[in-house]
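Survey of secondary and tertiary structure
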Amino acid sequence: MDRIIIRGGNPLRGEVTVSGAKNAALPLLTATLLASGQHSIAGVPKLRDITTMRALLEHLGCETTFTDDFCINTKNIQSNEAPYHMVKTMRASFLVLGPLLARFHRARVSLPGGCAIGVRPVDIHLKALETMGVSIAIDMGYVNASCKKLKGARLSFDIPTVGGTENVMMAASLADGVTTIVNAAREPEIVELAQALKKMGARISGEGSDTITIEGVKELNPLVHTLMPDRIEAGTFMVAAGITGGDITIKNCPLPYMESVVEKLREAGLSIEECGDTARVRRNDSLIPVEVKTLPYPGFPTDMQAQIMALATRAPGSSVIRETIFENRFTHVAELERMGADIRVEQDSAIVTGVDRLRGAPVMATDLRASASLVLAGLAAEGTTTVSRVYHLDRGYENLENKLKSMGADIYREKE
Ligand code: UD1
């Protein structure tokens, strides 16, 4: 297993380019199951989650190649089962359910179970599909789903679930009749999926709003697409500039999708200049404490909560960070405290009192964004920080240590 060693204290300077969005790539890859033929997606990041999805698609019978573009041939699908060991490692594997049902009318997909950041049920996905005419039986941890033909329906989600909206949008694209999702998730990755499905021939409107309408069509065509950039990776680099007192230029930065993050980071004392798809991010003065509440898009993303908490540890005064999406997403708190941070957790809020300095320490985290927050803290800490369990970072950040190193960070990876 690898670990990352950081000797903190270098202000980051220079340029960095954001990779393709992991959370847009994963649903797009499952969407290729909807149409028989050769698909091609450009800009897919080389990440562990993508490798997991590739293995799942190959398990189903797809042929794939992944050099520059990710190419998938979905002609000879032989299986409709997503096994436990694959869904357990990556919850987004559950997104094969909608496409498999739409194309083959039958699927057996393992329930994802719990994960490091909370219970994360899939009840809304299942209820929606049942309303669309799917029979669902849970058997030994698997969802056995089948239908004669998917039927369009009016669905009202209790919570605007991202994965649920994606699963239903894909299923509804090949259903009989019209599906309306009320209280749909509005995340940019949903808009990206809708645009890709439309390129394949789907009829979708309202994506990006809380009501999405999908008129089913008989057949879809293979997809050729270039992926949007990753807004969470871009936000992580912004925090890296802020926490080290640096001055960096972020290219391929999806600024239109980052309003809540940019606004909060400006409140925290960062200067962010926007020019097309480039952002110059600097900090000259002291950091300022912030109040943050995670919300569904367009609110502040839960996937940036751990990173902004790392920043808040250095802001003189009290910051309050409230997590409303996942119930157990503060696993980074205890590790940040080991580096000298002063954080008190009260129910769903973390009260962070800024400290003069963080000190390097051996740390580890149990999920992706928590691991990123420890790297950020390490960049600003005095002395050496060792981040173990780097495979979490490799799930969602392409080449993170080399990108940071190119901006002057003293960081490297070694075998544990
Ligand atoms: C996606 C993102 C993840 C991000 C999250 C919230 C991907 C691959 N992952 O995850 O990075 O942190 O959105 O922005 O895109 N819920 C239910 N029942 C359901 C489904 C969800 O109660 O059937 C709850 C969840 O437990 C959670 C909330 O709804 O509290 C939001 O979850 P959801 O939007 O579904 O997250 P994911 O799609 O799993």
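Residues numbered from 1 in each chain as written. Predicted model: local features only at pLDDT ≥ 70, side-chain atom pairs only at ≥ 80, totals over all residues. Heavy atoms only, no water.

Per the secondary structure count, the protein chain includes 14 helices and 24 strands. The C-alpha radius of gyration computed for the protein chain amounts to 21 Å, which stays within 12% of the reference 22 Å derived for 416 residues, consistent with globular compactness. Its C-alpha atoms give the protein chain principal-axis dimensions of roughly 65 × 45 × 40 Å. Here the protein chain holds 416 residues, and 58% of them are scored as buried. A fraction of 73% describes how many contacts in the protein chain between residues 6 or more apart in sequence connect residues 24 or more apart. Total accessible area on the protein chain stands at roughly 16100 Å², and carbon and sulfur atoms take up 48% of it. On the protein chain, the mean spot of the 46 positive side-chain charges and the mean spot of the 49 negative ones are 3 Å from each other. (Helix = DSSP H or I, 4+ residues; strand = E, 2+ residues; numbered from the N terminus. Rg over C-alpha atoms; globule rule 2.2 N^0.38 Å. Buried < 20%, exposed > 50% of the residue type's maximum accessible area, 1.4 Å probe, protein only. Contact = heavy atoms within 4.5 Å. Areas by Shrake-Rupley, 256 points an atom, 1.4 Å probe, with all protein chains shown as cover. Lys, Arg positive; Asp, Glu negative; His and termini not counted. Charge placed at Lys NZ, Arg CZ, Asp CG, Glu CD.)

Before going further, it helps to examine the pattern of salt bridges. Inspection of every chain in the model, using the stated rule, returns 25 salt bridges. For Glu382, the salt bridge goes to Arg357, with nearest N and O atoms at 3.3 Å. Of the two residues, Glu382 sits in the loop between helix 12 (368-380) and strand 23 (384-388) while Arg357 sits in the loop between strand 21 (349-353) and strand 22 (362-364), which places them 25 residues apart along the sequence. Overall, Glu382 belongs to the partly exposed group, its relative accessible area being 43%. What makes Arg357 partly exposed here is its relative accessible area of 47%. A salt bridge links Arg413 to Glu401, with the shortest nitrogen-to-oxygen separation between them at 2.6 Å. One end of the pair, Arg413, is in strand 24 (residues 410-415); the other, Glu401, is in helix 14 (residues 400-406), with 12 residues separating them in the sequence. Given a relative accessible area of 27%, Arg413 falls into the partly exposed group. By sharing partners, the salt bridges in this structure join Asp2, Asp394, Glu401, Arg413 and Lys415 into a single network. (Salt bridge = Lys/Arg side-chain N within 4 Å of Asp/Glu carboxyl O.)

What follows covers the site of the ligand. Taken together, 18 residues sit near the ligand, with Asp123, Thr161, Val162, Asp303 and Ile325 positioned nearest. For the ligand, an oxygen atom lies 2.9 Å from a polar atom in the side chain of Arg91. In isolation the ligand offers 740 Å² of accessible surface; the protein chains occlude 86% of this area. If you list the elements that add at least two residues to the shell around the ligand, you get helix 5 (123-131) and helix 6 (162-173). A class-by-class count of the residues in the shell around the ligand yields 8 nonpolar, 5 polar and 5 charged. For the shell around the ligand, the two domains that each supply at least three residues are domain 1 (2-19 + 229-415) and domain 2 (22-226). (Near = heavy atom within 4 Å. Polar contact = N/O pair within 3.5 Å; in protein donor to acceptor, adjacent residues only side chain to side chain. Nonpolar A, V, L, I, M, F, W, Y, C, P; charged D, E, K, R; others polar. Domains from an automatic or database assignment.)

Two elements in contact, helix 4 (residues 97-104) and helix 6, have axes whose closest approach is 7 Å; the angle formed by their N-to-C orientations is 10°. If you check the angle between helix 4 and helix 6, you find them roughly parallel. Of the two possible hands of crossing, helix 4 and helix 6 adopt the one that is right-handed. Counting all contacts with helix 4, which are made through Leu97, Gly98, Pro99 and Ala102, the residues of helix 6 involved are Asn167, Met170 and Ala171. Of the residues assigned to the contact of helix 4 with helix 6, the class counts are 5 nonpolar, 2 polar and no charged. (Axes fitted to C-alpha atoms, helices over the stretch in contact; angles between N-to-C directions. Parallel < 35°, antiparallel > 145°, perpendicular 65-115°, else oblique. Left-handed = near helix turned anticlockwise from the far one by under 90°.)

Next up on the list: the domain arrangement of the protein chain. When the domains of the protein chain are assigned, the result is domain 1 (2-19 + 229-415) and domain 2 (22-226). Here the C-alpha centre of domain 2 lies 30 Å away from the C-alpha centre of domain 1. Contacts between domain 1 and domain 2 engage 23 residues on the former and 20 residues on the latter. For the pair domain 1 and domain 2, the two sides together bury roughly 1800 Å², of which 53% comes from carbon and sulfur. Our enumeration of links across domain 1 and domain 2 arrives at 2 salt bridges. Here Asp49 ties to Arg395 by a salt bridge, and the two come within 2.7 Å at their closest N and O atoms. Looking at the side of domain 1 that touches domain 2, the elements that each hand over two or more residues are helix 12 and helix 13 (391-396). Looking at the side of domain 1 that touches domain 2, the element that brings in the most residues is helix 13, giving 4 residues. (Buried area = accessible area lost by both parts, 1.4 Å probe.)

Bringing the packing of helix 10 (residues 305-312) against helix 11 (residues 331-338) into the picture now. It is the contact of helix 10 with helix 11, at a shortest axis distance of 11 Å, that shows an interaxial angle of 25°. One way to sum up the angle between helix 10 and helix 11 is to call them roughly parallel. Regarding helix 10 and helix 11, the two cross each other, and that crossing is right-handed. Across from Gln305, Ala306, Met309 and Ala310 in helix 10, the residues of helix 11 making contact are His332, Val333 and Leu336. Considered class by class, the residues forming the contact of helix 10 with helix 11 number 5 nonpolar, 2 polar and no charged.

Take the environment of Leu265 next. Mapped onto the elements of the fold, Leu265 is located in helix 9 (residues 259-267). Taking the C-alpha atoms as reference, Leu265 lies 9.1 Å from Gly235; in sequence the two are 30 residues apart.

Right, let's talk about the pairing of strand 21 for a bit. Burial analysis of strand 21 places 4 of its 5 residues in the buried class, which makes it a mostly covered element. In the sheet, strand 19 (residues 318-322) pairs with strand 21 via 5 bridges, with the strands oriented antiparallel. Residue pairing for strand 21: Ile321 is matched across the bridge by Ala350. Pairing of strand 20 (residues 342-346) with strand 21 involves 5 bridges; the strand directions are antiparallel. Following the sheet pairing, Arg344 is matched in strand 21 by Ile351. As consecutive antiparallel partners, strand 20 and strand 21 are separated by 2 residues, and within that stretch Gln347 has a phi angle of approximately 50°, a positive value. (Pairing = 2+ DSSP bridges.)

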